[in-house]
Amino acid sequence: MDEGVLRVMEKPNEKQILLFYCMESEDLARKVAEQSPLIQLQSINWRSFDDGFPNLFINNAQYIRGQHVAFLASFSSPAVIFEQLSVIFALPRLFVASFTLVLPFFPTGSFERMEEEGDVATAFTMARILSNIPISRGGPTSLVIYDIHALQERFYFSDHVLPLFETGIPLLKQRLHQLPDADNVVVAFPDDGAWKRFHKQLDHFPMVVCAKVREGDKRIVRLKEGNPAGSHVVIVDDLVQSGGTLIECQKVLAAHGASKVSAYVTHSVFPKRSWERFIHKNDGSEKAFTYFWTTDSCPLTVKAIGNRAPFEILSLAGSIADALQI
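It should be emphasised that the depicted structure is a prediction, and the values quoted were computed from it without experimental measurement.

1. Some thoughts on the packing of aromatic side chains
And then number 1: For the structure shown, the criterion picks out 14 aromatic pairs.
And then number 2: Judged by centre distance (6.2 Å) and plane angle (50°), the rings of Phe289 and Phe292 are tilted.
And then number 3: When its relative accessible area of 3% is taken as the criterion, Phe289 is described as buried.
And then number 4: Feature note: the residues Phe270, Phe278, Phe289, Phe292 and Phe311 constitute an aromatic cluster, connected by ring pairs.
And then number 5: Directly above the aromatic system of Tyr291 lies the positively charged group of Arg175, at a separation of 5.5 Å from the ring centroid.

Structure, rendered in C-alpha coordinates:
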(Lines give C-alpha, C1' and ligand atoms only; values in the text may rest on other atoms or scores of the structure.)
Protein backbone atom coordinates (compact mmCIF):
# COMPACT_ATOMS: atom_id res chain seq x y z
CA MET A 1 0.00 0.00 0.00
CA ASP A 2 1.21 3.51 -0.79
CA GLU A 3 3.00 5.15 2.16
CA GLY A 4 0.89 8.29 1.81
CA VAL A 5 -2.31 6.25 2.15
CA LEU A 6 -0.90 4.58 5.26
CA ARG A 7 -0.27 7.97 6.84
CA VAL A 8 -3.87 8.98 6.17
CA MET A 9 -5.14 5.78 7.81
CA GLU A 10 -3.11 6.32 10.98
CA LYS A 11 -5.10 7.37 14.02
CA PRO A 12 -4.84 11.15 14.43
CA ASN A 13 -3.32 12.56 17.58
CA GLU A 14 -5.90 12.66 20.34
CA LYS A 15 -7.04 16.07 21.50
CA GLN A 16 -6.71 17.70 24.88
CA ILE A 17 -10.31 18.43 25.93
CA LEU A 18 -11.46 21.06 28.41
CA LEU A 19 -14.78 19.76 29.74
CA PHE A 20 -17.30 22.12 31.33
CA TYR A 21 -20.49 20.75 32.86
CA CYS A 22 -23.77 21.73 34.48
CA MET A 23 -24.29 21.12 38.19
CA GLU A 24 -26.55 18.10 37.67
CA SER A 25 -23.95 16.36 35.52
CA GLU A 26 -20.95 16.81 37.82
CA ASP A 27 -20.76 13.12 38.79
CA LEU A 28 -20.91 11.98 35.17
CA ALA A 29 -18.37 14.66 34.15
CA ARG A 30 -15.92 13.36 36.75
CA LYS A 31 -16.36 9.82 35.46
CA VAL A 32 -15.73 11.03 31.90
CA ALA A 33 -12.53 12.79 33.02
CA GLU A 34 -11.36 9.58 34.71
CA GLN A 35 -11.42 7.86 31.32
CA SER A 36 -8.49 9.85 29.93
CA PRO A 37 -5.73 12.17 31.15
CA LEU A 38 -6.48 14.26 28.06
CA ILE A 39 -9.83 15.36 29.52
CA GLN A 40 -9.58 18.18 32.06
CA LEU A 41 -12.57 19.43 34.02
CA GLN A 42 -13.34 23.15 34.02
CA SER A 43 -15.76 25.06 36.22
CA ILE A 44 -18.54 27.60 35.90
CA ASN A 45 -20.02 29.72 38.68
CA TRP A 46 -23.73 28.94 38.55
CA ARG A 47 -25.18 31.88 40.43
CA SER A 48 -28.52 33.67 40.30
CA PHE A 49 -29.69 37.23 40.78
CA ASP A 50 -32.36 37.96 43.37
CA ASP A 51 -35.06 37.72 40.70
CA GLY A 52 -33.98 34.15 39.88
CA PHE A 53 -32.36 34.84 36.52
CA PRO A 54 -28.88 33.41 35.99
CA ASN A 55 -25.71 35.27 36.96
CA LEU A 56 -23.05 33.12 35.32
CA PHE A 57 -19.28 33.21 35.09
CA ILE A 58 -16.99 30.96 33.02
CA ASN A 59 -13.81 30.51 35.03
CA ASN A 60 -10.44 30.85 33.25
CA ALA A 61 -12.18 32.06 30.08
CA GLN A 62 -9.05 33.84 28.86
CA TYR A 63 -7.08 30.57 28.97
CA ILE A 64 -9.39 28.47 26.81
CA ARG A 65 -8.55 30.30 23.57
CA GLY A 66 -7.32 27.87 20.95
CA GLN A 67 -8.40 24.87 23.07
CA HIS A 68 -10.85 22.08 22.28
CA VAL A 69 -13.82 22.70 24.56
CA ALA A 70 -16.85 20.58 25.45
CA PHE A 71 -19.91 21.07 27.63
CA LEU A 72 -21.86 18.25 29.32
CA ALA A 73 -25.50 19.30 29.62
CA SER A 74 -28.60 17.96 31.35
CA PHE A 75 -31.92 19.47 30.26
CA SER A 76 -33.93 17.83 33.04
CA SER A 77 -36.50 20.62 33.27
CA PRO A 78 -37.34 23.92 31.56
CA ALA A 79 -36.02 25.70 34.68
CA VAL A 80 -32.40 24.67 34.02
CA ILE A 81 -32.36 24.89 30.23
CA PHE A 82 -31.98 28.67 29.90
CA GLU A 83 -28.89 28.98 32.10
CA GLN A 84 -27.18 26.15 30.26
CA LEU A 85 -28.08 27.56 26.85
CA SER A 86 -26.51 30.85 27.92
CA VAL A 87 -23.21 29.06 28.60
CA ILE A 88 -23.52 26.86 25.48
CA PHE A 89 -23.92 29.95 23.28
CA ALA A 90 -21.04 31.76 25.02
CA LEU A 91 -18.31 29.08 24.94
CA PRO A 92 -17.83 28.83 21.14
CA ARG A 93 -17.36 32.61 20.96
CA LEU A 94 -14.30 32.53 23.23
CA PHE A 95 -12.03 31.75 20.25
CA VAL A 96 -11.92 28.03 21.04
CA ALA A 97 -10.46 25.57 18.54
CA SER A 98 -13.63 23.47 18.55
CA PHE A 99 -16.80 23.07 20.59
CA THR A 100 -18.69 19.88 21.43
CA LEU A 101 -22.03 19.80 23.25
CA VAL A 102 -22.89 16.50 24.92
CA LEU A 103 -26.62 16.26 25.65
CA PRO A 104 -27.05 12.57 26.53
CA PHE A 105 -30.85 12.82 26.77
CA PHE A 106 -32.74 14.95 24.25
CA PRO A 107 -35.70 15.65 26.55
CA THR A 108 -38.36 16.83 24.09
CA GLY A 109 -37.83 13.81 21.84
CA SER A 110 -41.21 12.24 22.51
CA PHE A 111 -43.02 15.39 21.33
CA GLU A 112 -41.94 15.18 17.74
CA ARG A 113 -45.11 15.31 15.64
CA MET A 114 -48.48 16.93 15.14
CA GLU A 115 -51.45 14.62 15.44
CA GLU A 116 -53.94 17.44 15.07
CA GLU A 117 -53.80 21.10 14.15
CA GLY A 118 -52.55 23.07 17.12
CA ASP A 119 -50.13 20.47 18.51
CA VAL A 120 -46.66 21.96 19.09
CA ALA A 121 -43.75 19.70 18.14
CA THR A 122 -41.35 20.88 20.85
CA ALA A 123 -38.63 18.46 19.68
CA PHE A 124 -38.39 20.53 16.51
CA THR A 125 -38.23 23.74 18.56
CA MET A 126 -35.36 22.38 20.65
CA ALA A 127 -33.52 21.23 17.53
CA ARG A 128 -33.89 24.72 16.01
CA ILE A 129 -32.48 26.33 19.17
CA LEU A 130 -29.48 23.99 19.28
CA SER A 131 -28.92 24.44 15.55
CA ASN A 132 -28.20 28.11 16.19
CA ILE A 133 -25.23 27.60 18.53
CA PRO A 134 -22.53 29.96 17.24
CA ILE A 135 -19.76 28.37 15.23
CA SER A 136 -16.31 28.23 16.82
CA ARG A 137 -12.99 28.87 15.10
CA GLY A 138 -12.99 25.16 14.24
CA GLY A 139 -16.39 25.23 12.58
CA PRO A 140 -19.86 23.98 13.56
CA THR A 141 -20.63 22.56 17.00
CA SER A 142 -20.52 18.79 17.39
CA LEU A 143 -23.71 17.71 19.18
CA VAL A 144 -23.62 14.30 20.89
CA ILE A 145 -26.99 12.70 21.73
CA TYR A 146 -27.77 9.16 22.86
CA ASP A 147 -30.70 7.12 21.56
CA ILE A 148 -32.87 9.97 20.34
CA HIS A 149 -36.51 8.97 20.61
CA ALA A 150 -37.68 9.16 17.00
CA LEU A 151 -35.40 8.31 14.11
CA GLN A 152 -36.68 11.21 12.00
CA GLU A 153 -35.48 13.72 14.60
CA ARG A 154 -31.94 13.51 13.27
CA PHE A 155 -33.23 15.54 10.32
CA TYR A 156 -34.59 18.33 12.55
CA PHE A 157 -31.11 19.84 12.97
CA SER A 158 -29.75 22.34 10.46
CA ASP A 159 -26.32 22.30 8.84
CA HIS A 160 -25.04 24.76 11.46
CA VAL A 161 -24.38 21.86 13.87
CA LEU A 162 -23.00 18.36 13.35
CA PRO A 163 -25.20 15.94 15.31
CA LEU A 164 -23.55 12.70 16.40
CA PHE A 165 -26.15 10.10 17.36
CA GLU A 166 -24.73 7.54 19.77
CA THR A 167 -26.37 4.63 21.57
CA GLY A 168 -26.20 2.91 24.94
CA ILE A 169 -26.86 -0.53 23.45
CA PRO A 170 -23.17 -1.63 23.52
CA LEU A 171 -23.28 -1.21 27.32
CA LEU A 172 -26.32 -3.49 27.47
CA LYS A 173 -24.72 -6.12 25.24
CA GLN A 174 -21.60 -6.15 27.40
CA ARG A 175 -23.73 -6.64 30.53
CA LEU A 176 -25.84 -9.39 28.98
CA HIS A 177 -22.71 -11.37 28.09
CA GLN A 178 -21.74 -11.27 31.78
CA LEU A 179 -24.97 -12.94 32.93
CA PRO A 180 -24.78 -16.56 34.15
CA ASP A 181 -27.66 -17.38 31.77
CA ALA A 182 -26.28 -15.35 28.85
CA ASP A 183 -27.00 -18.20 26.45
CA ASN A 184 -30.70 -18.13 27.39
CA VAL A 185 -31.41 -14.43 26.81
CA VAL A 186 -34.22 -13.30 24.53
CA VAL A 187 -34.63 -9.60 23.68
CA ALA A 188 -38.16 -8.17 23.70
CA PHE A 189 -39.41 -4.90 22.25
CA PRO A 190 -42.56 -3.29 23.70
CA ASP A 191 -43.67 -2.01 20.30
CA ASP A 192 -42.68 -1.75 16.64
CA GLY A 193 -40.98 1.59 17.27
CA ALA A 194 -38.48 0.05 19.67
CA TRP A 195 -37.90 -2.84 17.25
CA LYS A 196 -37.16 -0.44 14.38
CA ARG A 197 -34.77 1.53 16.57
CA PHE A 198 -32.73 -1.32 18.06
CA HIS A 199 -33.19 -4.67 16.34
CA LYS A 200 -30.17 -4.37 14.02
CA GLN A 201 -27.88 -3.80 17.01
CA LEU A 202 -29.25 -6.86 18.79
CA ASP A 203 -29.86 -9.21 15.87
CA HIS A 204 -27.71 -12.02 17.32
CA PHE A 205 -30.29 -12.51 20.11
CA PRO A 206 -33.64 -14.28 19.65
CA MET A 207 -36.37 -11.64 19.62
CA VAL A 208 -39.90 -11.08 20.81
CA VAL A 209 -42.06 -8.15 19.69
CA CYS A 210 -45.07 -6.89 21.63
CA ALA A 211 -47.71 -4.47 20.43
CA LYS A 212 -50.16 -2.03 21.97
CA VAL A 213 -53.72 -2.57 20.77
CA ARG A 214 -56.79 -0.53 21.64
CA GLU A 215 -59.69 -2.24 23.36
CA GLY A 216 -62.39 0.32 24.01
CA ASP A 217 -60.80 3.13 26.00
CA LYS A 218 -57.80 1.02 27.05
CA ARG A 219 -54.50 0.23 25.35
CA ILE A 220 -53.57 -3.41 25.90
CA VAL A 221 -50.13 -4.94 25.38
CA ARG A 222 -50.18 -8.18 23.38
CA LEU A 223 -47.51 -10.60 22.18
CA LYS A 224 -47.12 -9.98 18.46
CA GLU A 225 -44.33 -12.40 17.49
CA GLY A 226 -41.63 -14.58 19.03
CA ASN A 227 -41.54 -17.11 21.84
CA PRO A 228 -40.43 -16.08 25.36
CA ALA A 229 -41.13 -19.48 26.99
CA GLY A 230 -38.37 -20.69 29.31
CA SER A 231 -36.08 -17.72 28.60
CA HIS A 232 -34.64 -14.75 30.43
CA VAL A 233 -36.40 -12.02 28.48
CA VAL A 234 -34.94 -8.50 28.44
CA ILE A 235 -37.28 -5.71 27.38
CA VAL A 236 -35.37 -2.99 25.49
CA ASP A 237 -36.56 0.57 24.89
CA ASP A 238 -35.06 4.04 24.62
CA LEU A 239 -36.81 5.69 27.57
CA VAL A 240 -39.24 5.18 30.41
CA GLN A 241 -41.62 7.67 31.98
CA SER A 242 -44.30 6.15 34.22
CA GLY A 243 -43.22 2.60 33.42
CA GLY A 244 -46.74 1.41 32.70
CA THR A 245 -45.89 -0.09 29.31
CA LEU A 246 -42.92 -2.01 30.72
CA ILE A 247 -45.05 -3.47 33.50
CA GLU A 248 -47.80 -4.54 31.10
CA CYS A 249 -45.20 -6.03 28.77
CA GLN A 250 -43.67 -7.97 31.68
CA LYS A 251 -47.05 -9.44 32.57
CA VAL A 252 -47.62 -10.62 29.00
CA LEU A 253 -44.13 -12.19 28.77
CA ALA A 254 -44.56 -13.96 32.12
CA ALA A 255 -47.98 -15.24 31.03
CA HIS A 256 -46.32 -16.74 27.94
CA GLY A 257 -43.77 -18.64 29.98
CA ALA A 258 -40.75 -16.35 30.41
CA SER A 259 -38.62 -17.71 33.25
CA LYS A 260 -37.31 -14.22 34.13
CA VAL A 261 -37.99 -10.73 32.84
CA SER A 262 -35.54 -7.80 32.97
CA ALA A 263 -35.53 -4.39 31.32
CA TYR A 264 -33.11 -1.94 29.75
CA VAL A 265 -33.79 1.69 28.87
CA THR A 266 -31.18 4.27 27.94
CA HIS A 267 -33.05 7.16 29.55
CA SER A 268 -34.86 6.75 32.88
CA VAL A 269 -36.97 9.88 33.22
CA PHE A 270 -39.32 8.58 35.94
CA PRO A 271 -41.31 11.75 36.79
CA LYS A 272 -43.04 11.86 40.18
CA ARG A 273 -40.81 9.08 41.58
CA SER A 274 -42.45 6.51 39.31
CA TRP A 275 -39.30 4.38 39.71
CA GLU A 276 -40.68 3.30 43.08
CA ARG A 277 -43.06 0.83 41.45
CA PHE A 278 -40.06 -1.24 40.27
CA ILE A 279 -38.17 -1.44 43.58
CA HIS A 280 -37.73 -4.90 45.08
CA LYS A 281 -39.55 -5.07 48.41
CA ASN A 282 -38.26 -7.07 51.38
CA ASP A 283 -41.66 -8.62 52.10
CA GLY A 284 -41.07 -11.80 50.11
CA SER A 285 -43.38 -10.65 47.32
CA GLU A 286 -42.70 -11.69 43.77
CA LYS A 287 -40.09 -9.59 41.97
CA ALA A 288 -41.45 -8.75 38.52
CA PHE A 289 -38.12 -7.53 37.10
CA THR A 290 -34.92 -9.42 37.85
CA TYR A 291 -32.72 -6.57 36.57
CA PHE A 292 -33.51 -3.06 35.41
CA TRP A 293 -30.55 -1.57 33.55
CA THR A 294 -30.32 2.09 32.65
CA THR A 295 -27.62 4.66 31.91
CA ASP A 296 -26.64 7.84 33.75
CA SER A 297 -28.10 10.09 31.02
CA CYS A 298 -30.65 11.44 33.55
CA PRO A 299 -28.53 12.43 36.57
CA LEU A 300 -31.41 13.25 38.92
CA THR A 301 -32.85 9.76 38.46
CA VAL A 302 -29.45 8.17 39.10
CA LYS A 303 -29.23 9.98 42.46
CA ALA A 304 -32.77 8.93 43.35
CA ILE A 305 -32.54 5.22 42.55
CA GLY A 306 -28.95 4.68 43.72
CA ASN A 307 -28.20 0.98 43.65
CA ARG A 308 -31.65 -0.13 44.76
CA ALA A 309 -32.55 -3.49 43.29
CA PRO A 310 -33.40 -4.21 40.54
CA PHE A 311 -31.67 -1.08 39.18
CA GLU A 312 -28.13 -1.11 37.81
CA ILE A 313 -26.49 1.94 36.25
CA LEU A 314 -24.45 1.41 33.08
CA SER A 315 -22.34 4.55 32.76
CA LEU A 316 -22.01 6.42 29.48
CA ALA A 317 -18.69 7.91 30.67
CA GLY A 318 -16.42 5.78 28.45
CA SER A 319 -18.60 6.30 25.40
CA ILE A 320 -18.72 10.07 25.95
CA ALA A 321 -14.93 10.20 26.37
CA ASP A 322 -14.57 8.42 23.03
CA ALA A 323 -17.07 10.75 21.34
CA LEU A 324 -15.11 13.80 22.49
CA GLN A 325 -12.17 12.60 20.37
CA ILE A 326 -14.15 12.42 17.13
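More follows now that the structure is in view.
2. Some remarks on the layout of surface pockets
And then number 1: What the second largest pocket holds in volume is close to 420 Å³.
And then number 2: Lining the second largest pocket are 23 residues, and of these Phe75, Ser76, Ser77, Phe105 and Val269 lie nearest its centre.
And then number 3: Of all elements in the fold, only α3 (78-90) and α8 (299-305) reach the threshold of two or more residues within the lining of the second largest pocket.

3. With respect to helix α4 (residues 122-130)
And then number 1: Along α4, the positions that sit buried rather than exposed are Ala123, Met126, Ala127 and Leu130. Angular distribution of buried residues about the axis of α4 spans 100°; they occupy a single face of the element.
And then number 2: Looking at the buried residues of α4, the elements they touch are α3, β6 (98-102), β7 (141-146) and β8 (161-166).

4. Description of the nonpolar core
Burial of nonpolar side chains together is a common tendency in soluble globular proteins.
And then number 1: Core analysis: the largest hydrophobic core is formed by 32 residues, its most contacted members being Phe71, Phe106 and Leu130.
And then number 2: Secondary structure elements with two or more residues in this core: β1 (17-21), β3 (44-48), β5 (68-72), α3, β6, α4 and β7.
And then number 3: Core analysis: the next-biggest nonpolar cluster, separate from the first, contains 25 residues, Val240, Ile247, Val261 and Phe270 among them.

5. Examining the pairing of strand β9 (residues 185-189)
And then number 1: Along β9, five of the five residues are buried, which leaves the element largely enclosed by surrounding structure.
And then number 2: Burial along β9 is two-sided: the face carrying Val185, Val187 and Phe189 and the face carrying Val186 and Ala188 are both buried.
And then number 3: Sheet topology places β9 next to strand β12 (residues 232-240); four bridges connect them, and they run parallel. By the bridge assignment, Val185 is partnered in β12 with His232.

6. Some thoughts on the sheet that holds β6
And then number 1: Read from one edge to the other, the open sheet built from six strands follows the order β2-β1-β5-β6-β7-β8, with strand pairing classed as parallel. Strands with a single pairing partner mark the edges of an open sheet, and in this sheet they are β2 (39-41) and β8. Recorded for the sheet is a direction-independent mean angle of 25° between the axes of neighbouring strands.
And then number 2: Strand direction decides the pairing type here: β1 and β5, joined by five bridges, are parallel. Paired with Leu19 across the strands is Ala70, a residue of β5.

Cut-offs and rules
Residues numbered from 1 in each chain as written. Predicted model: local features only at pLDDT ≥ 70, side-chain atom pairs only at ≥ 80, totals over all residues. Heavy atoms only, no water. Phe/Tyr/Trp six-rings, centres within 6.5 Å; stacked < 30°, edge-to-face > 60°. Buried < 20%, exposed > 50% of the residue type's maximum accessible area, 1.4 Å probe, protein only. Lys NZ or Arg CZ within 6 Å of the ring centre and 35° of its normal. 1 Å grid on protein atoms, 1.4 Å probe; cavity = no way out; pocket = protein on both sides within 12 Å on 5 of 7 lines; lining within 4 Å. Points joined across faces, edges and corners; volume = space filled by probe spheres on them. Helix = DSSP H or I, 4+ residues; strand = E, 2+ residues; numbered from the N terminus. Arc of directions from axis to C-beta. Contact = heavy atoms within 4.5 Å. Core = buried A, V, L, I, M, F, W, Y, C linked by side-chain atoms within 4.5 Å. Pairing = 2+ DSSP bridges. Axes fitted to C-alpha atoms, helices over the stretch in contact; angles between N-to-C directions.

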